[in-house]
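Observations on chain architecture
Read off the chains here:
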Amino acid sequence: MNYTNYKNQREFRLAAKAVLANNWTGQFTKPAPHLYPHQWNWDSAFIAIGYANYDLNKAMMELDALFKGQWSNGMVPQIVFRSETADSGQYFPGADFWQTKRSTHAVQEPRTSGITMPPVHGFALWHIYERAADKDMAFDFLQLLFPKVMALHRYLYEHRDFTDEGLVHIIHPWESGMDNSPLWDQVLNTIDTADLDIPAYERKDLQSKKAKLHRPNDTDYDRYVYLVDLFRKLNYNDSAIYEQSPFVVQDPCFNALLIYSNDCLIKIAELLGEDVSELIGWNELAIYSMNEKLWNEESGRYDAWDLKKDQRMPSLSVGGLIPMLANVPDQDQAESMLKTLLGEGFIGPDDQPLHLCPTYSFMGAEFNPEKYWRGPVWVNINWLLYHGLLNYDFKETAEQIKTETLSLLDQHGFYEYFDPNKNETKDKGYGTDQFSWSAALCIDFLSMK
Ligand code: 2M8
């Protein structure tokens, strides 16, 4: 591959490493220098995978720091606030707003938010082990983290699967990681903010010039804050939230990441001589339910399910294609998912070609190439798709995704997300620059043979 901004692969890799070095705090890596000043859950897992290619110590410190925020019930929070960066003034909602003291399970130091994020830690551990130069050191780390990740998964199956389907539910769009995906609109629109008593708050994410174009809008934020306020009032009690919150959704992407993590934990357990029966049981039921309940034959992808209304949420989100990562579809289903991925929705019409892979289909009225999770290309999603495609031997498309991701990063910088329009030549990098997981997964892609 020829690069536009770098002489060679070595220089490209050095630039990515410099982003991570700059965001490193001594204990963990901030997702970005200003916009995200704390430790984020799934960011840290992707960042640790990147580090594992050249600095195993940092990879281990990153995950170790994250799990310092794990609650006594096993929940691993979306954000871990650190004293040296805990200035709530820089980010909303900060630690004070969450009031997690109301939960009997929350840790008090470090302070945390009160919801979780996609369970990517089981597979992060396995990818770290595979890349580690010092396998003995990595083995010790697996021993340390394995029970903690198991506790997280137990929390999810016990407190987020009240219908006993092997499918866990999320309670906030922030838990999906794809915050304002059009996928959530249908449920969020049932929250009529005009009628609600929403606590006063001030957004801190609109400082940069183009932030209003790219970040979620104010109504989205009102709804996010309304939900957090409800959780505070319910003392973060999972059963009460399940009963009373309007947002209780089984997300195929979240569940696929959990299944893939279970798979990786099985490999780790075998290495450590631990029992695998619980993990096997979880995955048997989960894969059965994903296919029985969430598979959509017509659209060639998996849908989410609204548990409040007990109905399918058909959607054109890229999240419905992630289950390939966890070997959930059989070969025929995967072939039809590949067709979806290579159809007009994701590669665009002839006169408006798109980079793989927009986070939402171009065919959807809600598609927006500039707005956050409503269309732009995200590096972590491409990394997940890449590995999913390889499971079914779709090597050409996997390579295409990898090459297009690297060329976006090379030409536009280590941005948070990118305009998928190929016809758009300038300023395609959106959100914050110097974004850690873009750099970390760039290093990982570059390290692949
Ligand atoms: C974004 O989410 C945070 C809230 O968690 C925000 O917008 O303030 C999402 O892209 C999420 O997936 C990511 O983990 C986080 C930090 O990079 O930013």
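Data block above holds the structure.
So, here is what we can say about the structure in this document.

Cut-offs used in this document
- Residues numbered from 1 in each chain as written.
- Predicted model: local features only at pLDDT ≥ 70, side-chain atom pairs only at ≥ 80, totals over all residues.
- Heavy atoms only, no water.
- Helix = DSSP H or I, 4+ residues; strand = E, 2+ residues; numbered from the N terminus.
- Contact = heavy atoms within 4.5 Å.
- Areas by Shrake-Rupley, 256 points an atom, 1.4 Å probe, with all protein chains shown as cover.
- Lys, Arg positive; Asp, Glu negative; His and termini not counted.
- Charge placed at Lys NZ, Arg CZ, Asp CG, Glu CD.
- Phe/Tyr/Trp six-rings, centres within 6.5 Å; stacked < 30°, edge-to-face > 60°.
- Buried < 20%, exposed > 50% of the residue type's maximum accessible area, 1.4 Å probe, protein only.
- Near = heavy atom within 4 Å.
- Polar contact = N/O pair within 3.5 Å; in protein donor to acceptor, adjacent residues only side chain to side chain.
- Nonpolar A, V, L, I, M, F, W, Y, C, P; charged D, E, K, R; others polar.
- Salt bridge = Lys/Arg side-chain N within 4 Å of Asp/Glu carboxyl O.
- Axes fitted to C-alpha atoms, helices over the stretch in contact; angles between N-to-C directions.
- Left-handed = near helix turned anticlockwise from the far one by under 90°.
- Core = buried A, V, L, I, M, F, W, Y, C linked by side-chain atoms within 4.5 Å.
- Parallel < 35°, antiparallel > 145°, perpendicular 65-115°, else oblique.
- Pairing = 2+ DSSP bridges.

1. Let's talk about the overall build of the protein chain
Scanning the protein chain for helices and strands turns up 18 helices and 11 strands. Counted over contacts in the protein chain with a minimum sequence separation of 6, partners at least 24 positions apart contribute 70%. A total accessible area of about 16900 Å² is found for the protein chain, and carbon and sulfur atoms account for 46% of it. The protein chain carries 40 positive and 63 negative side-chain charges, and their two centres are separated by 7 Å.

2. Considering the packing of aromatic side chains
Per the stated rule, a full pass over the model turns up 37 aromatic pairs. Each ring, one from Phe-123 and one from Trp-383, has its centre 6.2 Å from the other, and the planes form 20°; the classification is stacked. One end of the pair, Phe-123, is in helix H5 (residues 121-131); the other, Trp-383, is in helix H16 (residues 379-391), and 260 residues separate them in sequence. Trp-383 shares its class with Phe-123; the two are buried. On the basis of an interplanar angle of 65° and a centroid distance of 5.5 Å, the ring pair of Phe-362 and Phe-367 is categorised as edge-to-face.

3. Observations concerning the site of the ligand
Around the ligand, the surrounding shell holds 18 residues, and the nearest of these are Asp-43, Tyr-91, Gly-177, Asp-179 and Tyr-372. Within the side chain of Asp-43, a nitrogen or oxygen atom sits 2.6 Å from an oxygen atom of the ligand. Here an oxygen atom of the ligand sits 3.1 Å away from a polar atom, N or O, in the side chain of Trp-373. Within the shell around the ligand, the residues separate by chemical class into 13 nonpolar, 2 polar and 3 charged.

4. With respect to the pattern of salt bridges
One pass over the full model with this rule turns up 20 salt bridges. Note that Glu-202 and Lys-204 form a salt bridge whose closest N and O atoms lie 3.8 Å from each other. Owing to a relative accessible area of 24%, Lys-204 belongs among the partly exposed residues under this scheme. The closest approach of N and O atoms between Arg-203 and Asp-205, which form a salt bridge, is 2.8 Å. Across the pair, Asp-205 and Arg-203 agree in class, each one buried. It is possible to trace a salt-bridge network through shared partners that takes in Arg-203, Asp-205, Arg-215 and Asp-218.

5. Regarding the packing of helix H1 (residues 9-23) against helix H18 (residues 436-447)
The geometry of H1 relative to H18 is characterised by a closest axis approach of 9 Å and an angle of 145° between their N-to-C directions. Both H1 and H18 take part in a crossing whose hand is left-handed. On H18, the residues that touch Gln-9, Phe-12, Arg-13, Ala-16, Lys-17, Val-19, Leu-20 and Asn-23 of H1 are Ser-436, Ala-439, Ala-440, Cys-442, Ile-443, Leu-446 and Ser-447. Of the residues contributing to the contact of H1 with H18, the split by class is 9 nonpolar, 4 polar and 2 charged.

6. Some remarks on the nonpolar core
Core analysis: the biggest nonpolar cluster contains 156 residues, and Phe-123 and Trp-437 have the highest contact counts within it. Ranked by residues supplied to this core, first place goes to helix H12 (residues 252-272) with 13 residues. Once you skip the residues sitting within four places of it in the chain, Phe-123 turns out to touch Phe-46, Ile-49, Leu-257, Tyr-260, Ser-261, Cys-264, Trp-383 and Leu-384.

7. Re the packing of H16 against helix H17 (residues 395-412)
Two elements in contact, H16 and H17, have axes whose closest approach is 8 Å; the angle formed by their N-to-C orientations is 160°. When the interaxial angle is binned, H16 and H17 end up roughly antiparallel. Judged by the sense of rotation from one axis to the other, the crossing of H16 with H17 is left-handed. Listed contacts from H17 to Val-379, Asn-382, Leu-385, Tyr-386, Leu-389 and Leu-390 of H16 are Lys-395, Thr-397, Ala-398, Glu-399, Ile-401, Lys-402, Thr-405 and Leu-409.

8. Description of the sheet that holds strand S4 (residues 169-170)
Overall, antiparallel pairing links the 4 strands, which are arranged S4-S5-S8-S9 in an open sheet. Looking at the sheet topology across the chains shown, the edges are occupied by S4 and strand S9 (311-313). Bridge count for strand S5 (residues 249-250) against strand S8 (residues 304-306) is 2 bridges, and the pairing is antiparallel. What sits directly across from Gln-250, in S8, is Trp-305. Relative to S8, helix H13 (residues 277-294) is tilted by about 75°, and along the sheet it contacts S5, S8 and S9.

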